[in-house]
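Residue strings, one per chain:
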Amino acid sequence: MAVLEILKYPDPRLKEIAAEVTEFDASLCAFIHDLEETMRAGPGGVGIAAPQVGHLQRIVIVDVSSKPKVKQHGRLLLINPEILEWEGMVKGREGCMSVPDYTGNVIRARTIKLQAQDEQGEVQEYEMEGFEARAVQHEIDHLDGLLFLDRLVSRRNDLFQRKVYK
Ligand code: NI
């Protein structure tokens, strides 16, 4: 197990499109363990995507259980995730371990339905809403080389400098 280095904006590797996972083997499991440890070691780590550690595969982990009032699934491992349905649009504040000095307002779907594979390659379906749905949409964006900075409602009014990352 290891805590991996998080790439920071404007590292060009954060702009790349990640490849589909095709091998569900021991090295995938080992990487997922390291990715999760890296997420939990980070400040405010409610989600992480493999490209954030320079690993260009379609793997996301989200766990918003530190926000107990939020409706959620607990720890979610999403491999090759695909959003199938979107509903509603909500503006909300986002941060990112790859953009440690800023937060920003982004519009996301309020509820989503998605499918993703698990460690065994089995396809699972999820429906989610609110903060968890936002976190998943944010992390899936990383798989396509997108940061919240690319989706700011207004660069002038919706980007905020952080004082302390917590
Ligand atoms: Ni992020």
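Check the entry above for the structure.
In this text the structure is predicted, and so the values were computed from the model without any measurement.

**Student:** Whenever I open this one, the overall build of the chain confuses me. Can you help?
**Tutor:** Within the chain, the secondary structure is distributed over 2 helices and 6 strands. Taken from N to C terminus, the helices and strands of the chain fall in the order α-β-β-β-β-β-α-β. Against the compact-globule benchmark of 15 Å for 166 residues, the chain has a radius of gyration of 15 Å, which places it among compact chains. Counting only C-alpha atoms and orienting by the principal axes, one finds that the chain spans roughly 45 × 35 × 30 Å. Across the 166 residues that make up the chain, the buried fraction comes to 48%.

**Student:** Would you take a moment to explain the coordination of the nickel ion for this structure?
**Tutor:** Between any two of four tetrahedral donors, the ideal angle at the metal is 109.5 degrees; between two of six octahedral donors, it is 90 or 180 degrees. Only Cys96 (SG), His138 (NE2) and His142 (NE2) from the protein reach the nickel ion as donors, at distances of 2.1 to 2.2 Å. Of note, the nickel ion draws all its donor residues from one chain, in the sequence arrangement C-x41-H-x3-H. Of this pair, His138 and His142 both sit in helix α2 (residues 130–143), 4 residues apart, which is roughly one turn of the helix. Classification of His138 as buried rests on a relative accessible area of 6%.

**Student:** Hey, could you run me through helix α1 (residues 26–41) in this one?
**Tutor:** For an α-helix the count is 3.6 residues per turn, leaving residues at separations of three or four pointing the same way. Taking 1.5 Å as the rise per residue, α1 with 16 residues should run 22 Å; its terminal C-alpha atoms sit 23 Å apart, in good agreement. Among the residues of α1, Leu28, Phe31, Ile32, Asp34, Leu35, Glu36, Thr38 and Met39 are the ones counted as buried. Residues of α1 that are buried make contact with β1 (47–49), β2 (59–62) and β3 (76–94).

Conventions and cut-offs
Residue positions are given per chain, counted from 1 along the sequence in the order it is written. Two thresholds apply to this predicted model, a pLDDT of at least 70 for residue-level local features and 80 or more for giving and counting side-chain atom pairs, whereas whole-chain, interface and lining totals are computed over all residues. Only hydrogens and water are removed before side-chain values are computed, so all heavy atoms of the structure are retained for them. Put simply, DSSP marks the helices as runs of H or I at least four residues long and the strands as runs of E at least two long, and each gets a number from the N terminus on. The quantity called the radius of gyration is restricted to C-alpha atoms. Its globule counterpart is 2.2 Å times the number of residues to the power 0.38. Exposed residues in this analysis have more than 50% of their type's maximum accessible area, buried residues have under 20%, and partly exposed residues fall in between, with area computed by a 1.4 Å probe over protein chains only. Keep in mind that water is not among the atoms, so a site may look incomplete; donors are the N, O and S atoms within 2.8 Å of the metal, or 3.2 Å for Na, K and Ca. In this scheme, a helix's expected span is set at 1.5 Å multiplied by one less than its residue total. Contact between two residues is taken to exist if any of their heavy atoms lie within 4.5 Å; hydrogens are not considered.

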